[in-house]
Amino acid sequence: MRVRLLRQPYGSVDGISLSQYHLGQVYELPASLAEYLVAKGFAFFEMRSHRRSMRYRLTDRRRSP
């Protein structure tokens, strides 16, 4: 599951140190760890599958210079 961290987590869960995860980053985590972080208010589920491409497409409404 993908989550984005809202607060810096601390401590450890099932022997996994949470100090390796950083505020504002998106992580692909096992479901149990992701649900724990969300339940404790450290993270929220990230629904976007990827970043939007900045490549120009023919359907873009921007004018070319």
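Reading the values: rules and limits
Residues numbered from 1 in each chain as written. Predicted model: local features only at pLDDT ≥ 70, side-chain atom pairs only at ≥ 80, totals over all residues. Heavy atoms only, no water. Core = buried A, V, L, I, M, F, W, Y, C linked by side-chain atoms within 4.5 Å. Buried < 20%, exposed > 50% of the residue type's maximum accessible area, 1.4 Å probe, protein only. Contact = heavy atoms within 4.5 Å. Pairing = 2+ DSSP bridges. Helix = DSSP H or I, 4+ residues; strand = E, 2+ residues; numbered from the N terminus. Axes fitted to C-alpha atoms, helices over the stretch in contact; angles between N-to-C directions. Salt bridge = Lys/Arg side-chain N within 4 Å of Asp/Glu carboxyl O.

Caption draft 1: Up close: the nonpolar core. With twelve residues, the main nonpolar core is built from Val 3, Leu 5, Val 13, Leu 18, Tyr 21, Tyr 27, Leu 29, Leu 33, Ala 34, Leu 37, Phe 42 and Ala 43. Those residues in contact with Leu 29, other than ones at most four positions away along the chain, are Met 1, Val 3, Tyr 21, Ala 34 and Leu 37.

Caption draft 2: Layout of the sheet that holds strand S5 (residues 43-45). With antiparallel pairing, the three strands of this open sheet are ordered in space as S4-S1-S5. Each edge of the sheet is formed by a strand with only one pairing partner; in this case those strands are strand S4 (26-28) and S5. Adjacent strand axes in the sheet meet at a mean angle of 30°, parallel and antiparallel pairs treated alike. Of the pairings in the sheet, the one linking strand S1 (residues 2-5) to S5 comprises three bridges and is antiparallel in character. Directly across from Val 3, in S5, lies its bridge partner Phe 45.

Caption draft 3: Representation of the pattern of salt bridges in the model. One pass over the structure, following the stated rule, counts one salt bridge. As a salt-bridge pair, Arg 4 and Glu 46 come within 3.0 Å of each other at their nearest N and O atoms. With Arg 4 in strand S1 and Glu 46 in the segment after S5, this pair connects stretches of sequence that are 42 residues apart. The class of Arg 4 is partly exposed, set by a relative accessible area of 24%.

By themselves these figures say nothing about function.
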